[in-house]
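Survey of secondary and tertiary structure
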Amino acid sequence: MTVDSQGAVDSASADTPRGAASQTPPPASGPGEAVPPPRGRRRMPSGILPYLLIAPAVASMAVLLLYPLVKNLILSLQQLNRREMITRETVWIGVDNYTKLLSDPDFWNVVLRSLFFTAANVALIMGLGTLIGLLLNRLGKAMRLTLSLALMFAWAMPIVASVTIFRWLFDEQFGVINWLMRTLGFAGYEQHNWFETGFSTLVIVTLLVVWGSVPFVALNMYAGLTTVGSELYEAAKMDGAGGWRTFWSVVFPNLKPFFLITTFLEIIWVFKAFAQVYAMNLGGPDRGSETLPVYAYIEGLGQQHYGLAAAISILTIVMLLAAMSFYFRLILKQEEEQ
């Protein structure tokens, strides 16, 4: 009986197709075994809990950002000069402040100066920061640590202290730059005034802004490079790619989100830079080095045209929003490509 039943089993298994074995359902798990959850998207929490979690952040933004913005917009629709401040009179003039600004050639000169100043700074910051980040990735441990500490010290220096140092470097009588130019044999640098024109002042401010902003880009660039696999470099090397070809074909495509967000942040930071420009030469000489934030400050607190200054700040925000919309379009386009 045992042999016959075994034979029956053997013959049955021989007659069964091979694919039938894979179709046999798995054995039921016992009461002590945990059944893994099905794969898929997790259900988002429902009800009022998500709104309670983001409520503190929304409230903080409303108090710190939304209220000043609305108040500034209201002031831009008023004539608020010294007389109105003394008499506490509210004079509504609608969009006259905006009309006056948009028809003023001086305002458009400041806008163009701000755009060129931002473009030059961002290009230098991103270029030098990327090169230093690549250098950090190639250096040894000791040299990388030394360079990283030097970058951190430059980045952490207060703005007023760095402005003081740069003013001393370019001082007319005791400046190191004039001494260096005379030592190198250049004529005409006996008490040369580097702050004689608005253009030369902005050049010095550009050096200051680039010096203080490059560490952020360089350190973030190095952090991004650590995420690029070594096998990609090896594959590029086997294909005979040089340094620049490896950068454009391997590094840049993998770090494209880094370049986008960092460039966008630098545009915002440089465009609204105030302390470096104002502390260097008070927007002079003859208001020739004013950018939009300095222009708004001088028109407001200097000339006591507070309504006009509020309109300048609103127009500055509109320009930044235009830049943000361009950035968000790039982000959405990149997500669609992925």
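Reference entry: report on the structure contained in this document. (Residues numbered from 1 in each chain as written. Predicted model: local features only at pLDDT ≥ 70, side-chain atom pairs only at ≥ 80, totals over all residues. Heavy atoms only, no water.)

Remarks on a nonpolar patch on the surface
A surface patch of nonpolar side chains, amounting to about 770 Å² of accessible area, comprises Ile48, Leu49, Tyr51, Leu52, Leu53, Ile54 and Val58. Tracing the backbone through its elements, the reader meets Leu49 in helix α3 (residues 49–76). (Patch = residues over 30% accessible without salt bridge, like charges linked within 9 Å, V, L, I, M, F, W, Y side chains within 5 Å. Areas by Shrake-Rupley, 256 points an atom, 1.4 Å probe, with all protein chains shown as cover. Salt bridge = Lys/Arg side-chain N within 4 Å of Asp/Glu carboxyl O. Helix = DSSP H or I, 4+ residues; strand = E, 2+ residues; numbered from the N terminus.)

Here's the deal with helix α7 (residues 141–156)
Between its terminal C-alpha atoms α7 stretches 22 Å, which fits the 22 Å expected from 16 residues at 1.5 Å a residue. Within the span of α7, buried status applies to Ser148, Leu151 and Ala154. Looking straight down α7, one finds that the buried residues subtend no more than 125° of arc, so they occupy a single side. The exposed residues of α7 that point more than 90 degrees off its buried face are Lys141, Ala142, Leu145, Phe153 and Ala156. Tucked inside the fold, the buried residues of α7 contact α6 (105–138) and α10 (198–225). (Expected span 1.5 Å × (residues − 1). Buried < 20%, exposed > 50% of the residue type's maximum accessible area, 1.4 Å probe, protein only. Arc of directions from axis to C-beta. Contact = heavy atoms within 4.5 Å.)

Considering the packing of α7 against α10
Relative placement of two packed helices is described by the angle separating their axes and the distance separating the axes. α10 packs onto α7 with a crossing angle of 140° between their chain directions and a minimal axis gap of 8 Å. Taken together, the axis directions place α7 and α10 in an arrangement best described as oblique. Crossing of α7 over α10 shows left-handed handedness. Within the contact between the two elements, α7 uses Arg144, Ser148, Leu151, Met152, Ala154 and Trp155 and α10 uses Trp211, Gly212, Pro215, Phe216, Ala218, Leu219 and Tyr222. (Axes fitted to C-alpha atoms, helices over the stretch in contact; angles between N-to-C directions. Parallel < 35°, antiparallel > 145°, perpendicular 65-115°, else oblique. Left-handed = near helix turned anticlockwise from the far one by under 90°.)

Here's the deal with the environment of Ala235
Of note, Ala235 is situated in helix α11 (residues 230–238). With a relative accessible area of 37%, Ala235 lands in the partly exposed category.

Structural notes on the nonpolar core
Ranked by internal contacts, the top residues of the largest apolar core, which has 36 residues, are Met221, Leu255 and Met280. For this core, the secondary-structure elements that each account for two or more residues are α6, α8 (159–169), α9 (176–183), α10, α12 (243–254), α13 (256–271), α14 (275–281) and α15 (292–302). Broken down by element, the residue count for this core peaks at 11 residues, all from α10. (Core = buried A, V, L, I, M, F, W, Y, C linked by side-chain atoms within 4.5 Å.)

Function cannot be read off these values alone, since they describe shape.
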